[in-house]
Amino acid sequence: MVRGIRPSIEGLELAGVYKCRCQCKPILIEPTLRRIQRQTRGQRVVTIYRLAKRVVIELSSGDSFVIEPRMTGMMLLSDPPNPAYLRLEWRLRGNGTNRSLWFWDRRGLGTVRLLSKSEMASVLGPSRLGPDALAMTLDEWKSRCAKTGREIKVALLDQKLVAGIGNLYASEILHLAKIDPTARSNELKPRQLRRLHASTAEILNSAIRYEGSTLNDGTYRNALNKTGSYQNSHRVYNRADEICPTCHKAPIQRIVQAQRSTFFCPHCQRV
DNA sequence: CCCCAGTCCTGCGGGC
DNA sequence: TGCCCGCAGGACTGGG
């Protein structure tokens with residue numbers, strides 16, 4: 001999302017922020033739109049970056065929009081899949097052009113907040129968010145995994161332990177690392193931790209390169225409304241009963257951990 | 001500390 | 001065909 005919108009948006013000036021009228025229940029936007037308008041009009045977009053699973057748009061005032069897309073939210077520069085779920089529009093001008101950026105969200109679980117620097121530090125600081133999954137060192141994996149006896153799949157979803165891994169990629173990472181998702185985090189062996197470290201980078205970087213996973217509902221799109229293609233590389237996610245692509249010896253199994261689906265190979269992840 | 005269920009929403013696919 | 005149910009890329013809260 002960030003790579004898609006950055007070149008078009010960075011450096012432009014904010015002309016206005018508008019709620020899109022749609023019949024569905026409104027998403028969470030903080031503070032009120034009036035305050036956002038007052039605080040941001042005329043500010044320049046200094047930089048756009050990713051913070052774990054959030055998109056951050058930093059303004060020249062020092063305030064930042066923090067967008068949390070959750071399951072079905074998207075940042076779009078072009079026509080949405082369904083205009084009924086457009087939630088917020090940023091109108092921008094500069095370089096002799098006008099353009100809009102939209103937040104689109106079908107389920108409406110996503111959020112948009114405008115935060116000051118100090119609010120950022122408390123709301124998104126180390127007490128709420130661990131190190132980014134792509135920046136975790138092996139030593140950090142070791143020390144952080146040692147601190148909890150939870151099942152490793154469940155621990156990977158704890159954003160305070162490591163930030164940026166979601167349910168789909170947790171299954172993919174553990175399969176590539178050949179780690180049993182029900183293994184206790186603090187009982188992982190050094191070689192397993194090394195594989196976890198390497199597999200996390202491998203899976204997430206590939207997923208980014210292929211612009212994410214567009215699942216069966218077709219929702220996820222990049223900034224230009226194009227589908228991602230990493231779903232074609234899924235090893236286990238949503239592949240229950242298919243033969244494991246690694247060992248070819250057992251069908252992928254689906255279990256539920258912490259009320260969420262986990263997919264794994266009972267053969268190569270339980271040796 | 002950890003676990004679990006419930007909550008916020010909308011849509012889809014399966015079973016009957 | 002149509003209805004009901006469970007489930008879905010997430011995160012937070014309250015009770016035990």
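This is a predicted model, so every value here is computed, not measured.

## As for the protein's contact with DNA strand B
Neighbouring DNA strand B are the residues Cys 24, Lys 25, Tyr 85, Arg 106, Arg 107, Leu 109, Thr 148, Arg 150 and Gln 259. Within 4 Å of the protein, atoms of DNA strand B come from sugar and phosphate in 76% of cases. Between Arg 106 and DNA strand B, the recorded distance is 3.0 Å, taken from a side-chain N or O atom to a sugar or linking oxygen. One of the side-chain nitrogen or oxygen atoms of Thr 148 is found 2.8 Å away from a phosphate oxygen of DNA strand B. Residues of the surface near DNA strand B, tallied by class, amount to three nonpolar, two polar and four charged.

## Some details on the side chain of Asp 132
Here Asp 132 shows up in the loop between helix 3 (117-123) and helix 4 (138-145). Owing to a relative accessible area of 19%, Asp 132 belongs among the buried residues under this scheme. Setting aside residues no more than four positions away along its own chain, Asp 132 makes contact with Arg 50, Ala 52 and Ala 163.

## Overview of the nonpolar core
Grouped together as the largest cluster of nonpolar side chains are 33 residues, with contacts concentrated most on Trp 141, Ile 152, Leu 156, Val 162, Ile 165, Tyr 169 and Leu 196. Those elements that provide at least two residues to this core are helix 4, helix 5 (152-156), helix 6 (167-176) and helix 7 (190-209). The contact partners of Trp 141, leaving out residues within four places of it in the chain, are Met 136, Leu 156, Val 162, Ile 165, Leu 193, Leu 196, His 197 and Thr 200. Among the nonpolar cores identified, the runner-up in size contains 26 residues, and Ile 48, Trp 90, Phe 103 and Ala 223 belong to it.

## Focus: the domain arrangement of chain A
The assigned domain composition of chain A is domain 1 (2-124) and domain 2 (138-264). Using C-alpha coordinates to define each centre, domain 1 is positioned 29 Å away from domain 2. Every contact between the two is made by 16 residues of domain 1 and, on the other side, 15 residues of domain 2. Carbon and sulfur atoms make up 58% of the area that domain 1 and domain 2 hide from each other, which totals about 1100 Å². Summed over the three residues of domain 1 that lose the most area to domain 2, namely Arg 3, Lys 53 and Met 74, the buried surface amounts to 38% of that side. At the boundary of domain 1 and domain 2, one finds one salt bridge. Residue Asp 217 is joined to Arg 106 by a salt bridge in which the shortest nitrogen-to-oxygen separation is 2.9 Å. Inspection of the region where domain 1 meets domain 2 yields six residue pairs in polar contact (both at pLDDT 80 or more). For the side of domain 1 that touches domain 2, the secondary-structure elements that each account for two or more residues are helix 1 (2-9) and strand 6 (73-76). Looking at side-chain class alone, the side of domain 1 that touches domain 2 contains nine nonpolar, three polar and four charged residues.

Thresholds applied
- Residues numbered from 1 in each chain as written.
- Chains lettered and ligands numbered in written order.
- Predicted model: local features only at pLDDT ≥ 70, side-chain atom pairs only at ≥ 80, totals over all residues.
- Heavy atoms only, no water.
- Near = heavy atom within 4 Å.
- Polar contact = N/O pair within 3.5 Å; in protein donor to acceptor, adjacent residues only side chain to side chain.
- Nonpolar A, V, L, I, M, F, W, Y, C, P; charged D, E, K, R; others polar.
- Helix = DSSP H or I, 4+ residues; strand = E, 2+ residues; numbered from the N terminus.
- Buried < 20%, exposed > 50% of the residue type's maximum accessible area, 1.4 Å probe, protein only.
- Contact = heavy atoms within 4.5 Å.
- Core = buried A, V, L, I, M, F, W, Y, C linked by side-chain atoms within 4.5 Å.
- Domains from an automatic or database assignment.
- Buried area = accessible area lost by both parts, 1.4 Å probe.
- Salt bridge = Lys/Arg side-chain N within 4 Å of Asp/Glu carboxyl O.

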